[in-house]
Amino acid sequence: MTLLRIDASIRIEGSASREIADIVEAEWRAVRPGDTVIARHLGTDPIPSDAWTKAIFANWTPVDERTSDHLAALSVGKELVDELDAADAILIATPLYNFGVSQHVKTWIDLIITDPRAANGAPPILAGKPVVLVVVRGGSYAPGTPREGWDHSTGYLEQILGKVWGADLTVVEREFTLVGVNPALDEFKELADKLNSDAKASATKIGQVIAGA
Ligand SMILES: Cc1cc2nc3c(=O)[nH]c(=O)nc-3n(C[C@H](O)[C@H](O)[C@H](O)COP(=O)(O)O)c2cc1C
């Protein structure tokens, strides 16, 4: 069995999204020792942002007229879809950046959709596949908070992974990761600690579930 793990944080040290994803991965490994984990570090080893433009133009160009740039971009999309196909379970960990989707995750999604297997009208590429989406946010976007509705990442990712690609999706969320970092948020320490431990408990549970424990 293969677990595909994708991290979008631009940092390694102190990364809250990696910490939660590490828990999911550790639980998966505990159930499946010796099985394969493939890692893709979108945040620290990004896919070039112009690969998408080149892949789109490649698809608009007759096969025998495609340039080496076109072919290279298409082969990145192919590699990404091959990875999805080969995985039995997928773990994606991403922060909220600037109220939106990490640009690196967006490039990953856009390139996948350039491959014919994931193009509009193709059968859902993740149909029934277990996918865990770990989302971390520095602040809080809970109902009733001043920034309720400002997270323009999580809903989009849920729609792509669950609705468009057909994954069996579980979302693990942790808010207020900037509590303890930004003194203006000190009053939320107790709540932040609880959200952190709740997220870790959810990660433990879902790691076992996707491993088939
Ligand atoms: C450039 C940048 C932009 C960010 N934008 C937001 C934001 O819009 N909303 C938010 O709640 N947190 C924001 N954050 C905070 C991160 O979501 C938070 O620090 C998170 O824990 C980062 O993930 P990591 O710990 O896995 O690296 C931002 C952080 C950075 C570095």
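Remember, it's a predicted structure, so these values are computed and weren't measured experimentally.

Calculation notes
- Per chain, the residues get numbers from 1 upward, laid out in the order the sequence is written.
- Two thresholds apply to this predicted model, a pLDDT of at least 70 for residue-level local features and 80 or more for giving and counting side-chain atom pairs, whereas whole-chain, interface and lining totals are computed over all residues.
- The numbering of helices and of strands both runs from the N terminus, where a helix is a DSSP run of H or I of at least 4 residues and a strand a run of E of at least 2.
- For each residue, a C-beta atom is positioned from the backbone; the residue is called near a molecule or strand if that atom sits within 6 Å of it.
- Three residue categories are used. Nonpolar comprises Ala, Val, Leu, Ile, Met, Phe, Trp, Tyr, Cys and Pro, charged comprises Asp, Glu, Lys and Arg, and polar comprises the others, including Gly.
- Note on method: axes are straight lines fitted to C-alpha atoms, helices fitted across the in-contact stretch only, with angles between N-to-C directions ranging 0 to 180 degrees.
- These descriptions rest on fixed angle ranges, namely under 35 degrees for roughly parallel, over 145 for roughly antiparallel, 65 to 115 for roughly perpendicular, and the rest for oblique.
- Two residues qualify as being in contact provided that their C-beta atoms, derived from the backbone, are within 7 Å of each other.
- When DSSP finds two or more bridges between a pair of strands, those strands are recorded as paired.
- For a helix, the expected span equals 1.5 Å multiplied by the residue count minus one.
- Neighbour density around each residue's C-beta defines its exposure: 20 or more other C-beta atoms within 10 Å make it buried, 12 or fewer make it exposed, and counts between make it partly exposed, where C-beta atoms are placed from the backbone.
- Throughout, the arc means that of the directions going from the helix axis to the C-beta atoms.

Trainee: Hey, could you run me through unusual backbone geometry in this one?
Mentor: With the exception of glycine, most residues fall at negative phi, and the peptide bonds are largely trans. Of note in the backbone geometry, Asn-98 takes a positive phi value of approximately 50° without being a glycine. As for its placement among the helices and strands, Asn-98 is situated in the loop between strand 3 (89-95) and helix 4 (103-114).

Trainee: What should I look at first to understand the site of the ligand in this one?
Mentor: Among the 17 residues in the neighbourhood of the ligand, the closest are listed as Ser-9, Ser-17, Pro-95, Gly-138 and Thr-177. Per element, the largest residue contribution to the shell around the ligand is three residues, and it comes from helix 1 (residues 16-31). Tallied by class, residues from the shell around the ligand come to seven nonpolar, seven polar and three charged.

Trainee: Would you take a moment to explain the packing of helix 3 (residues 68-86) against helix 4 for this structure?
Mentor: Each pair of packed helices can be summarised by the angle the axes make with each other and by the distance between the axes. Closest axis-to-axis distance for the helix 3/helix 4 pair is 8 Å, and the angle between their directions is 100°. Taken together, the axes of helix 3 and helix 4 lie roughly perpendicular to each other. Facing Leu-74, Val-76, Gly-77, Leu-80 and Val-81 of helix 3, the residues of helix 4 in contact are Trp-108, Leu-111, Ile-112 and Thr-114. By residue class, the composition of the contact of helix 3 with helix 4 is seven nonpolar, two polar and no charged.

Trainee: Teacher, can you tell me more about the sheet that holds strand 1 (residues 2-7) here?
Mentor: What holds strands together in a sheet is hydrogen bonding between their backbones, with the strands either parallel or antiparallel. The strand order 2-1-3-4-5 describes an open sheet built from five strands, whose pairing is parallel. The open sheet has two edge strands with one neighbour each: strand 2 (36-41) and strand 5 (168-174). Put simply, the sheet's adjacent strands are angled 15° from each other on average, direction ignored. Relative to strand 2, strand 1 runs parallel, the two being bridged by six bridges. What sits directly across from Leu-4, in strand 2, is Ile-38. Sheet contacts for helix 1: strand 1, strand 2, strand 3, strand 4 (130-136) and strand 5; angle to strand 3, the most-contacted strand, approximately 165°. The strands touched by helix 5 (residues 154-164) within the sheet are strand 4 and strand 5, with strand 5 carrying the most contacts at an inclination of about 160°.

Trainee: How should I be thinking about helix 3 in this particular structure?
Mentor: Owing to its 3.6 residues per turn, the α-helix brings residues three or four apart onto one side. Relative to the 27 Å expected for 19 residues at 1.5 Å per residue, helix 3 spans 26 Å between its end C-alpha atoms, a close match to the ideal helical length. Looking only at helix 3, the buried set comprises Ala-73, Leu-74, Val-76, Gly-77, Leu-80, Val-81 and Leu-84. Buried residues in helix 3, looked at end-on, bunch into an arc of 145°, giving them a common side. Away from the buried face of helix 3 by more than 90 degrees, exposed residues Ser-68, Asp-85 and Ala-86 are located.

Trainee: Would you mind going over the packing of helix 2 (residues 51-59) against helix 3 with me for this structure?
Mentor: For the pair helix 2 and helix 3, interaxial distance at closest approach is 8 Å and the crossing angle is 105°. Between helix 2 and helix 3, the crossing angle belongs to the class labelled roughly perpendicular. Of helix 3, the residues touching helix 2 (which contributes Ala-51, Lys-54, Ala-55, Phe-57 and Ala-58) are Asp-69, His-70, Ala-73, Leu-74, Val-76 and Gly-77. A per-class count over the contact of helix 2 with helix 3 returns seven nonpolar, two polar and two charged.

As far as function goes, none of this settles anything; it's purely spatial.
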